[in-house]
Protein chains: 2
Amino acid sequence: MSGKRPTLRDVAARAGLSVMVASYTFSRPDRVSEASRARILAAADELGYQPSQAARALRTGRTGLLGVVFSEHLGYAFRDPSAARFLAGIADVCADRGIGLTLLPTGGRLGPTDAITSASVDGFVFWTTAANDPALREAIASGRPVAIHGGPRIAGATCVSIDDHEAARAVARETLRSARRPALISFPAQVDQLPVVTTLDNVRSELPVTTERLRGVRDALAEAGIDQRSVGCHVLPENSRLLGREAAARIADDTPDIDAIITLSDEIALGAVAALNARNLTRVRITGFDGTPEALQSGITTIAQDLEMQGRRCAEIALGDRVTDSPIPWRLVRLSSTGSVSVS
Amino acid sequence: MSGKRPTLRDVAARAGLSVMVASYTFSRPDRVSEASRARILAAADELGYQPSQAARALRTGRTGLLGVVFSEHLGYAFRDPSAARFLAGIADVCADRGIGLTLLPTGGRLGPTDAITSASVDGFVFWTTAANDPALREAIASGRPVAIHGGPRIAGATCVSIDDHEAARAVARETLRSARRPALISFPAQVDQLPVVTTLDNVRSELPVTTERLRGVRDALAEAGIDQRSVGCHVLPENSRLLGREAAARIADDTPDIDAIITLSDEIALGAVAALNARNLTRVRITGFDGTPEALQSGITTIAQDLEMQGRRCAEIALGDRVTDSPIPWRLVRLSSTGSVSVS
DNA sequence: CTGTTAGCGCTTTCAA
DNA sequence: TTGAAAGCGCTAACAG
């Protein structure tokens, strides 16, 4: 057993060649004769040589790591299915290029940012956050490329998102074709959202995705001649199926005359479907948003969007690719013709 | 705007002190007089100084990064709820300590491992993998601490896991108290599992968690005097609810006399519940494994285990903590007394 | 195609 | 308490 990890110098010495031949063998193989390359590779193999990414990073300024930042507590990334689909897209790009995906630590609030700004990553992807998120400002200030999913649209960062406003308007309008007494269930409107039960006119949002979707719903209500102040709204502290179920149960129990529940996500919607199925309230229409596989299969009305593709695009941007800034498509998926909705 | 990021040298120059005073100010504040420290901090602030993790890593050998490795395609980490709970536990520890969580790229097969072994991380956490996974061997060979969730138990790495064998035996035995014609749905038994429909006696596994759980089921069957060759078994290529639903549907349609479906995970089980509910086959018992929140709420029989805690423990081990090697608890959760099962 | 030189930004000596 | 020197392992830039 040798005492320490072998370096390029050791490899070169063993092969009887210079350090640079060894270096080129790994980084620019074409600059080295086949014979030398073979000798270097043999020596490296015998020694069990592994290049030091730390040294390479110091020298080249590139780390081979992509940083992903969530303003929520990190565990969130692993609980929300939409975040998960988005991350899976990022992961695809990283796997293709042999790049590591680093989830940067945040305490779950808009707090100290040292760990983020000094992180050795080549670029940042932010999951939607507030415009005043200090981590976002610092990431931009660091000079490395920044992609944001869902907004805010802010100078120095590239935003990747569907038109949440138009999409939300479309799905709400579809619902209101046959409903007059809707209720709303929203995911968080603030970074550290507390649960809120109120009417729609009272809801203020600082998170861009929430803001845009609520605006779409409000527009559709206005078009249908329905007063926001008559529309009950639960704002959940987290985008979760269980919370959606509880909120829907409460809505159904408290306001038995409602005929639709508009939700801001499929997770919430699927929870609501479960609550209403349990009560046999099949006449209440439920809409979701995002088009998760489960939601599409369940037959609810929702907005389908390709979050994996958006994840891939964010990753490409954050890795410095020149990405054409085409709009992201979405489409309205209507309630299955039978009218029956199931939860898988 | 300055051309480049300021270094410690710039900070020191600005403060009229040596580089070392600046360095100590950040790494060992007590070795520096209060006056000097204040001057350095002021200079750093004015310059917008951020330490270079790359340089620090090269010098100290520590990167402040924890590496997590999945033998499956990386996207898996974000799709499987049990993996997600485990990762959330890891993420908690990382967030507490200001450590980054790096998901290391793998192509999804047991292939080249360069990206893993040369990765600049301080330690590794593996999600259960095959004993012959080259990435696992290389990680151990790199000399950095390695924790494995679920196995294999292998020299040089610390394994964190419940006793899958005993737990699976317990849940199967519970089911077989009132069932005589069970079918089985398993998650992958190999790294690149293809879908398989066969009988239980034909299933071979190289993944430790699958191996142990299957062994538990086989033991319970033997105790109940049921021949493995009579037990249909679907081996899924992935641990997913949708695939569980499809498999259960096929089982129900092909073998209408079955009275139980034993599954190796709650995700599969919840899919099976949906399939059977859709057919009104409420007399068929379904069991899961893992104790996800949804499964516990649905009322199925399952094994509850705390995957977040196991994630935390793996992270601690991989970060070099001395962790006492106590066994991980689990418990059997029996079918809710009403006998009715719901999907949320 | 191969080798030499210099230095990325930091911290570990060791001396003042 | 502060400072000078050396070097972590690698590669850009050049010269041979």
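Notes on the structure in this doc start here. These numbers come from a predicted model, not from an experiment.

## Description of the overall build of chain A
Here is step 1: Counting its secondary structure elements, chain A contains 13 helices and twelve strands.
Here is step 2: Computed over C-alpha atoms, the radius of gyration of chain A comes to 25 Å, more than 25% over the 20 Å expected from 2.2 N^0.38 for 344 residues, which places it beyond the range of a compact globule.
Here is step 3: Principal-axis analysis of the C-alpha atoms gives chain A an extent of 85 × 40 × 40 Å.
Here is step 4: A total of 344 residues make up chain A; the buried ones form 55% of that total.
Here is step 5: Partitioning the intrachain contacts of chain A with sequence separation of at least 6 by distance along the chain shows that 67% fall at a separation of at least 24.
Here is step 6: When the accessible surface of chain A is totalled, it reaches about 14600 Å², and 50% of it is carbon and sulfur.
Here is step 7: Across chain A, the centroid of the 39 positively charged side chains sits 4 Å from that of the 39 negatively charged ones.

## A short note on the pattern of salt bridges
Here is step 1: Counting across every chain of the model gives 34 salt bridges over all chains.
Here is step 2: Glu223(B) serves as the salt-bridge partner of Arg173(B), at 3.1 Å between the closest nitrogen and oxygen. Of the two residues, Arg173(B) is situated in helix α8 (residues 164–176) and Glu223(B) in helix α9 (residues 208–223); the sequence distance between them amounts to 50 residues.
Here is step 3: A residue is classified by how much of its surface remains accessible, and Arg173(B), at 38% relative accessible area, is partly exposed.
Here is step 4: Three or more residues are tied together by salt bridges with common partners; here these are Arg241(A), Glu267(A), Glu294(A), Arg241(B), Glu267(B) and Glu294(B).

## Let's talk about the protein's contact with DNA strand D
Here is step 1: Close to DNA strand D lie 24 residues, the nearest being Leu8(A), Ser23(A), Tyr49(A), Ser33(B) and Ser36(B).
Here is step 2: Among atoms of DNA strand D positioned within 4 Å of the protein, sugar and phosphate together represent 60%.
Here is step 3: Interatomic distance of 2.5 Å between a backbone N/O atom of Leu8(A) and a phosphate oxygen of DNA strand D.
Here is step 4: For the surface near DNA strand D, the secondary-structure elements that each account for two or more residues are α2 (19–27) and α4 (53–60) of chain A together with α2 (19–27) and α4 (53–60) of chain B.
Here is step 5: Residues of the surface near DNA strand D, tallied by class, amount to 13 nonpolar, seven polar and four charged.

## Topic: unusual backbone geometry
All names here are of chain A.
Here is step 1: Across the junction of Gly 151 and Pro 152, the peptide omega takes the value 10°, indicating a cis bond.
Here is step 2: On the secondary structure map, Pro 152 appears in the loop between β4 (146–149) and β5 (158–160).
Here is step 3: In this structure, Asn 280 takes a positive phi of about 60° despite not being glycine.
Here is step 4: Note on Asn 280: relative accessible area 66%, which makes it exposed.

## Considering the relation of the copies chain B and chain A
In this arrangement, two copies of a chain are superimposed by a rotation about an axis accompanied by a shift along the axis.
Here is step 1: In screw terms, the move from chain B to chain A is a rotation of 180° and a rise of 0.3 Å along the axis, fitting with an RMSD of 0.4 Å. The operation mapping one copy onto its partner corresponds to a two-fold rotation axis. Across chain B, the rotation axis passes nearest the C-alpha of Thr102(B), at a separation of 2.0 Å.

## Points about the interface of chain B and chain A
Here is step 1: Across the contact, 46 residues belong to chain B and 47 residues belong to chain A.
Here is step 2: Carbon and sulfur atoms supply 62% of the area buried between chain B and chain A, which totals about 3700 Å² over both sides.
Here is step 3: Joining chain B to chain A, the criterion identifies two salt bridges.
Here is step 4: Between Arg241(A) and Glu294(B) there is a salt bridge, with the nearest N and O atoms lying 3.7 Å from each other.
Here is step 5: At the junction of chain B with chain A, the criterion picks out three residue pairs in polar contact (both at pLDDT 80 or more).
Here is step 6: When residues in the side of chain B that touches chain A are grouped by element, the largest group, seven residues, is from helix α5 (residues 81–97) of chain B.
Here is step 7: Pairing analysis gives three bridges linking strand β2 (residues 100–103) of chain A to strand β2 (residues 100–103) of chain B, with the strands arranged antiparallel.

## Structural notes on the sheet that holds strand β7 (residues 196–199) of chain B
All names here are of chain B.
Here is step 1: One open sheet holds the five strands; their spatial order is β7-β8-β6-β9-β10, and the pairing between them is mixed. Because the sheet does not close on itself, it has two edges, and the strands there are β7 and β10 (285–287). Averaged over all adjacent pairs, the angle separating strand axes in this sheet is 15°, with direction ignored.
Here is step 2: In terms of strand pairing, strand β9 (residues 260–263) meets β10 through three bridges, oriented parallel. What sits directly across from Ile 261, in β10, is Ile 286.

## Some words on the packing of α5(B) against helix α13 (residues 307–318) of chain B
Residue and element names in this part refer to chain B.
Here is step 1: At a minimum axis distance of 7 Å, the contact between α5 and α13 shows a crossing angle of 45°. Taken as axis vectors, α5 and α13 run oblique relative to one another. Between α5 and α13 lies a crossing whose hand is right-handed. Only Leu 307, Glu 308, Gln 310, Gly 311, Arg 312, Cys 314, Ala 315 and Glu 316 of α13 make contact with α5, whose side of the interface consists of Ser 82, Arg 85, Phe 86, Ala 88, Gly 89, Ile 90, Asp 92, Val 93 and Arg 97.

Calculation criteria
- Residues numbered from 1 in each chain as written.
- Chains lettered and ligands numbered in written order.
- Predicted model: local features only at pLDDT ≥ 70, side-chain atom pairs only at ≥ 80, totals over all residues.
- Heavy atoms only, no water.
- Helix = DSSP H or I, 4+ residues; strand = E, 2+ residues; numbered from the N terminus.
- Rg over C-alpha atoms; globule rule 2.2 N^0.38 Å.
- Buried < 20%, exposed > 50% of the residue type's maximum accessible area, 1.4 Å probe, protein only.
- Contact = heavy atoms within 4.5 Å.
- Areas by Shrake-Rupley, 256 points an atom, 1.4 Å probe, with all protein chains shown as cover.
- Lys, Arg positive; Asp, Glu negative; His and termini not counted.
- Charge placed at Lys NZ, Arg CZ, Asp CG, Glu CD.
- Salt bridge = Lys/Arg side-chain N within 4 Å of Asp/Glu carboxyl O.
- Near = heavy atom within 4 Å.
- Polar contact = N/O pair within 3.5 Å; in protein donor to acceptor, adjacent residues only side chain to side chain.
- Nonpolar A, V, L, I, M, F, W, Y, C, P; charged D, E, K, R; others polar.
- Least-squares fit on C-alpha atoms with pLDDT ≥ 70 in both.
- Buried area = accessible area lost by both parts, 1.4 Å probe.
- Pairing = 2+ DSSP bridges.
- Axes fitted to C-alpha atoms, helices over the stretch in contact; angles between N-to-C directions.
- Parallel < 35°, antiparallel > 145°, perpendicular 65-115°, else oblique.
- Left-handed = near helix turned anticlockwise from the far one by under 90°.

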